[in-house]
Every structure is written in C-alpha cells, then in structure tokens.
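Results of the structural survey
Okay, here's what each chain looks like letter by letter:
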Amino acid sequence: MTSQLTASTANPVLRVPPASPAAAAAYFGASLAFHADVSDVAAALAADGDPGFVVLDPRSTASWDQGHIPGAVHLPTALIAEQARDLLDPAVPVVTYCWGPGCNGATRAALALAELGYQVKEMLGGFEYWAREGFESETWEGRERRTADPLTAPVGSDDCGC
C-alpha cells in the first residue's frame, strides 16, 4: 500500500500538496516583512524609547473616536496622498491597522503609503485584536482597557510563547 494519495482520494488539506520547504521559507519570510503581530506592536510601543515605527489608523473620524491605539496617527486612507508628507517622516516605517481581519482598510492604506515611498507593514488582527488582547485603547471619552479574551491572549501572561 502506498503512502502517496492521489488527487482524487486526498483529503481537502492535501489535495493541493504543500509547497517545497524552500518555497515555504521564501513565502513566510516575505510575509513577516509585510505583517506585524498585535502583541509585537504593543510590546514595542510599551518598551522604553522610540519603537522605530509609527502606527497609523486610516479609518474614519467616527471610527477613530470609537476607539484607537494610543499614540497612533489618524489619517484616513482617502487623505494619505494629500497629507502623508505633512504627518509622517518618510524615513520612519509605518504600521497600519484597521478594524480587524475582515477589513482590508489597513491593506489599502499600506498600499497608498508604499506608493508614496514609505516602508510599511500591516498589523494583523487590526483594532479588534488589539482590544481583544486587552491592550489599552483611547476613545473620545478617554482611555480604557478591556479584559483579554482567552481565545486570543494567554491568561495571566503577556507572552503567548510564539
């Protein structure tokens, strides 16, 4: 009996075989150049000194007022081409975020910034996961912190170990 499954009998996961290790390393390495994790962004912002990047929220003013990352720059995507040079240093990398994984607003903002010559990463999970992981946010009423969701953050620890 062979351990190789044919395309017609393979399970849905293996119907398309995994990439070669070299192709997987190239892909995942490139992914890390384009994306930042919520907890990594939070840790860098909480550390003493300059984190070496600026966080940008490209959502509407109503969304910004509802809640945003403290210290983030508010620049709606539609205004990036017009206002980015006034608000952002082209020598400083930018990390964009939007509502959450179901929203591609951070991707659109990152594209607009990259087209202007900025180094940019997108924060995976967006503001949803920032709040769900229990990091402080700011609203039009002030600062707040929600209890971390145990499905997104380890209970009793700031480090998920990954």
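Further up the page is the structure itself.
For the structure given in this document, a descriptive report is provided here.

Each value, and the rule that gives it
Residues numbered from 1 in each chain as written. Predicted model: local features only at pLDDT ≥ 70, side-chain atom pairs only at ≥ 80, totals over all residues. Heavy atoms only, no water. Helix = DSSP H or I, 4+ residues; strand = E, 2+ residues; numbered from the N terminus. Buried < 20%, exposed > 50% of the residue type's maximum accessible area, 1.4 Å probe, protein only. Contact = heavy atoms within 4.5 Å. Areas by Shrake-Rupley, 256 points an atom, 1.4 Å probe, with all protein chains shown as cover. Lys, Arg positive; Asp, Glu negative; His and termini not counted. Charge placed at Lys NZ, Arg CZ, Asp CG, Glu CD. Pairing = 2+ DSSP bridges. Axes fitted to C-alpha atoms, helices over the stretch in contact; angles between N-to-C directions. Core = buried A, V, L, I, M, F, W, Y, C linked by side-chain atoms within 4.5 Å. Salt bridge = Lys/Arg side-chain N within 4 Å of Asp/Glu carboxyl O.

**A closer look at the overall build of the protein**
- Across its full length, the protein holds six helices and seven strands.
- Reading the helices (α) and strands (β) of the protein from amino to carboxyl end gives α-β-α-β-α-β-α-β-α-β-α-β-β.
- By its C-alpha atoms, the protein is 65 × 40 × 30 Å across when sized along the principal axes.
- Taken across its 162 residues, the protein has 33% of its residues classed as buried.
- By sequence separation, contacts in the protein at least 24 residues apart represent 61% of the contacts at least 6 residues apart.
- Entry remark: accessible area of the protein is about 10,200 Å², with carbon and sulfur atoms responsible for 57%.
- Side-chain charges of the protein comprise 9 positive and 20 negative groups, with the mean position of each set lying 7 Å from the other.

**Some remarks on the sheet that holds strand β5 (residues 120-124)**
- As summarised here, the arrangement of the five strands in space is β1-β5-β4-β2-β3, forming an open sheet in which the pairing is parallel. Of all strands in the sheet, those with a lone pairing partner are β1 (35-37) and β3 (73-74), marking the two edges.
- Alignment of strand β2 (residues 54-57) against β3, held across two bridges, turns out to be parallel. Note that in β3 the partner of Asp57 across the bridge is His74.
- Against the sheet, helix α1 (residues 21-34) makes contact with β1 and β5, and its axis sits at roughly 95 degrees relative to β5, the strand it touches most.

**Here we look at the nonpolar core**
- Membership of the largest hydrophobic core comes to 14 residues, with the highest contact counts inside it found for Val41, Val55, Ile69, Tyr97, Met123 and Trp130.
- Looking at this core, the elements that each hand over two or more residues are α2 (38-46) and α6 (126-132).
- Here this core takes three residues from α2, the largest share from any one element.
- One finds Ile80, Leu88, Val94 and Ala109 within the second-largest nonpolar core, a separate group that totals 13 residues.

**Considering the pattern of salt bridges**
- By the definition in use, this model includes five salt bridges.
- Arg132 is the partner of Glu128 in a salt bridge, and the nearest nitrogen-oxygen pair spans 3.2 Å. A residue pair is termed a helical-turn pair when its members lie 3 or 4 positions apart in one helix, as Glu128 and Arg132 do in helix α6 at four residues.
- Assessed through its relative accessible area of 24%, Arg132 is described here as partly exposed.
- For Asp149, the salt bridge is made with Arg132, and the minimal N-O distance between the two is 2.6 Å. Taken together, the positions of Asp149 in the segment after β7 (142-144) and Arg132 in helix α6 put the pair 17 residues apart, joining distant regions of the chain.

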